[in-house]
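Spelled out from the first residue to the last, the chains are:
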Amino acid sequence: MGSTIVFVGGGPKTTGILLSLAASLRQDSSRGGPLDIHVIDPYRVGGGRIWRHEQSPTLWMNSVARDVTIFPDSDASLSAAPVTGPDLATWVAGEGREELERRGLGPDADRLTPTSFAPRQVQAAYLAWAFDRAIAHMPENVRVHVHRSTASRIVPSQGRRRVVLDGSAGEDEIIADVVVLAQGFIEIMDDPDTTAMKSAAERHGLTYIAPGYTADVDLSSLLPGQDVLVRGFGLAFVDAMMMLTEDRGGVFRGKGKETRYVPSGREPVLWVGSRRGVPYRSKLGYLPEGMRVGPTRYMTRDNAASLAGERDAGAEAALSVQDDIMPLVDMELFVAHYSELAYRHSERVGFGIEDVRDKGDEWCAVFLEGRTEDAAAARAATDEWARDRTPDPRDHYDLGTIDRPLRGMEFGSLTDVENTVAQHVRQDIDRAADPAWSQDSARFHALVGAYYVVRELVSQGAFSAEDRIQNFDAGFHGLFSYIASGPPPQRLENLLALHRAGLVRFLGPDTEVGLRHGRFETTAGSCPETVSAPSLFDARLARISAERAKDELLRDLIDRGELRLENSGGAAAKFLIDATNRALDASGAPQDDLLMVGPSVAGSVEEAFTRPGTDAHVFRDNERLAQRLLAAVQLESPAGVS
């Protein structure tokens, strides 16, 4: 009798694990016994729901094609020789061309270069191909079965697991030795604020659109010419902006500063505001020679371990995001910024690279010794030292200003707000395209490297649930997304074109929305004018909450005590797993036959694909999960699990 593994969810994370399973199985051909792998997903496997083909072609990726891969590098830090493959750009130009033509995406392939931002439909094809590549590399004793269905229940069955399929064609259940829950971004029941907004909208005959994945949100209730207040200025807004303009028949003419918009007459008027009051930073349009994501200097695992060693052994968590991590990240960016100026633009500064690094090292030594007041004074002195030797204020580094470019500003009118935001976006686009400001690129690459390290610490449970939610999820991760995960420059040019056409208006920073006189109305501390409208759109993903998961399967497992939630995460608590991704039951015991991965799982590595050449942690995580699965079905000894 053979063994059976079931994956609930067939998106990129499952695809990555299957690539690692294929590599681990082929490393040792002596592993015997047939193995059946079942992948259950109502959408096509590889991309799953988020990366499905059936979404608007105006929705683009926010990374250039050369920076996207789901395959490990050949020299990755793995125990088994990996199943390698091309990055997205290489695939489009080579092996993927035929598949893209078949999907009607040939024109996209013609236009795509390594520095292009691919439509998500192209990524869907790439991920489907990667799934097929994983299957093709499985040994002969492994059979993979794909079910275009939904798993509705998982129940114990004579020492195994019975997975019940909903609406399947002829197959009602699968008996599994181990099940992996890999549903990705799960749907969330409304929180109290959303419930209150929906109730108020219904009472007053208003339109309210709650947070959700933009491609799945019904925007048809936002009527032509109607004023719509929008909360959120990130990527969800950019997607919605395109769906409400170009997807409604409008046309963008020209490129760059010459971009203009020809309306169809079906567009609403979007009044957008947020905490920052500006969109995410434009993706950089250049790559200086030699620039890459390299080893970090201050935000390192060794420094984190040193700080953790100073903590009380009885404390809930070893590290603090605000007290331990952010100072190291800040210095990482400081040194990257000024080192790049000294290296490529030495005429603009009065110091050399080693001078900057010496200053950073001196501060770090004081910080790691735990001398808080001395470290704060040294940090201020370091800033002063750099500013005094850098005449142009545009070359100064200040993380607070980068994060909140409009902080402290007061506006006399909405016209002032709109002019300021438009000017900021214009300057951001121009600077992001000009290698004369390559210190921005150095900061970007340093931030990506630091983020990889901190993400690994998060997955290892180095922070308390409360600290992770408040200061990583809503803090550092938000900062990272704002700086490093911004939209393509052309999408910001589209934004300015729509603003010039009067179809996107800017509300500025610290925008709040309430109800007044039967309409939604804004308030902002920086501007006395208000805007009222009959519609409100929350352009963002709902905050993850395991407790409010809509998924029928997850709800049943919670009710039967087979899943445990964080007890200090409040409304944003996640599901708990052990160090090998085994789901914890209500008593806290790990379950060998039930694993969990994904954004709703505390300690799970969320990333599924990454940049080539970075030896990213996601690949080691996938290999560890593959080994855990093989141990669970006894195709590898438990001692092999890392």
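What counts and what doesn't
- Residues numbered from 1 in each chain as written.
- Predicted model: local features only at pLDDT ≥ 70, side-chain atom pairs only at ≥ 80, totals over all residues.
- Heavy atoms only, no water.
- Core = buried A, V, L, I, M, F, W, Y, C linked by side-chain atoms within 4.5 Å.
- Buried < 20%, exposed > 50% of the residue type's maximum accessible area, 1.4 Å probe, protein only.
- Helix = DSSP H or I, 4+ residues; strand = E, 2+ residues; numbered from the N terminus.
- Contact = heavy atoms within 4.5 Å.
- Pairing = 2+ DSSP bridges.
- Axes fitted to C-alpha atoms, helices over the stretch in contact; angles between N-to-C directions.
- 1 Å grid on protein atoms, 1.4 Å probe; cavity = no way out; pocket = protein on both sides within 12 Å on 5 of 7 lines; lining within 4 Å.
- Points joined across faces, edges and corners; volume = space filled by probe spheres on them.
- pLDDT = per-residue confidence, 0-100.
- Salt bridge = Lys/Arg side-chain N within 4 Å of Asp/Glu carboxyl O.
- Expected span 1.5 Å × (residues − 1).
- Phe/Tyr/Trp six-rings, centres within 6.5 Å; stacked < 30°, edge-to-face > 60°.
- Lys NZ or Arg CZ within 6 Å of the ring centre and 35° of its normal.

A. Geometry of the nonpolar core. Membership of the largest hydrophobic core comes to 108 residues, with the highest contact counts inside it found for Phe 237 and Met 299. Per element, the largest residue contribution to this core is 13 residues, and it comes from helix α9 (residues 321-344). When neighbours within four sequence positions are excluded, Met 299 is seen to be in contact with Ala 304, Ile 325, Leu 328, Val 329, Glu 332, Ala 450, Val 453, Val 454 and Leu 457. Membership of the second largest hydrophobic core comes to 50 residues, among which are Ile 70, Trp 91, Ala 134 and Val 597.

B. Spotlight on the sheet that holds strand β8 (residues 173-176). Read from one edge to the other, the open sheet built from three strands follows the order β6-β7-β8, with strand pairing classed as antiparallel. Of all the strands in the sheet, the pair left with one neighbour each is β6 (150-157) and β8. For this sheet, the mean angle separating the axes of adjacent strands, direction not counted, is 25°. With seven bridges joining them, β6 and strand β7 (residues 160-166) adopt antiparallel strand pairing.

C. Spatial organisation of the layout of surface pockets. When its volume is computed, the second largest pocket comes out at roughly 790 Å³. Around the second largest pocket, the lining comprises 29 residues; the ones closest to its centre are Arg 281, Ile 402, His 424, Arg 431 and Asp 440. Counting residues per element, the ones that place at least two in the lining of the second largest pocket are α12 (399-403), α13 (414-432), α14 (439-459) and α15 (465-484). Top contributing element to the lining of the second largest pocket by residue count: α13, with seven residues.

D. Region of the structure containing the confidence of the model for the protein. On average, residues of the protein score 92 in pLDDT, and 95% of them reach the 70 mark or higher. Counting contacts from residues 636-642, a segment whose pLDDT is below 50, to residues more than four positions away or on other chains yields 13 contacts.

E. Geometry of the sheet that holds strand β2 (residues 35-40). One open sheet accounts for six strands, arranged β5-β2-β1-β9-β22-β21; its pairing is mixed. Where the open sheet ends on each side, the last strands, each with one partner, are β5 (142-147) and β21 (582-584). The average angle at which neighbouring strand axes cross in this sheet is 30°, direction not considered. Sheet topology note: the β21/strand β22 (residues 590-596) ladder contains two bridges and is antiparallel. By the bridge assignment for β22, Arg 582 is matched with Leu 595. In the packing of helix α18 (residues 617-632) onto the sheet, contacts are made with β1 (3-8), β9 (178-181), β21 and β22, and the angle to β22 comes to roughly 140°.

F. Quick look at the pattern of salt bridges. Following the criterion strictly, the structure yields 54 salt bridges and no others. A salt bridge links Glu 99 to Arg 103; the nearest nitrogen and oxygen atoms lie 2.7 Å apart. Across the pair, exposure class does not vary: Glu 99 and Arg 103 are buried alike. Two residues, Asp 430 and Lys 257, come together in a salt bridge whose shortest N-O distance is 3.7 Å. Linking Asp 430 in helix α13 with Lys 257 in the loop between β12 (251-253) and β13 (260-262), this pair joins segments that are 173 residues apart in sequence. Owing to a relative accessible area of 30%, Asp 430 belongs among the partly exposed residues under this scheme.

G. Looking closely at the environment of Ala 76. Along the chain, Ala 76 turns up in the loop between β3 (60-64) and α2 (88-93). Ala 76 gets classed as buried once you look at its relative accessible area, which sits at 13%. Each C-alpha atom, one on Ala 76 and one on Ala 446, is 20 Å from the other, the two residues being 370 residues apart in sequence.

H. Representation of α18 within the structure. Over its 16 residues, α18 extends 23 Å from the first C-alpha to the last, a length consistent with the 22 Å expected when each residue adds 1.5 Å. Within α18, 14 of the 16 residues are buried, which leaves the element mostly enclosed by the surrounding structure. Phi for Gln 634, located one or two positions after α18, is positive at around 60°.

I. Quick peek at the packing of aromatic side chains. Scanning the entire structure with this criterion turns up 18 aromatic pairs. Measuring from ring centre to ring centre gives 6.1 Å for Tyr 451 and Phe 472, while their planes differ by 15°; the resulting arrangement is stacked. Here Tyr 451 is found in helix α14, whereas its partner Phe 472 is found in helix α15, with 21 residues between them in sequence. In terms of burial, Tyr 451 and Phe 472 fall into one category: buried. For the ring pair Tyr 451 and Phe 480, a centre distance of 3.8 Å and an interplane angle of 10° mean the geometry is stacked. Placement of Tyr 451 in helix α14 and of Phe 480 in helix α15 is noted, with a sequence separation of 29 residues between them. Accessibility expressed as a relative area gives 4% for Tyr 451, which makes it buried. A relative accessible area of 10% means that Phe 480 is categorised as buried. A connected cluster of aromatic rings, assembled from ring pairs, spans Phe 334, Tyr 338, Phe 351, Trp 385 and Tyr 397. Between the NZ or CZ atom of Arg 276 and the centre of the ring of Tyr 482, over which it lies, the distance is 4.0 Å.

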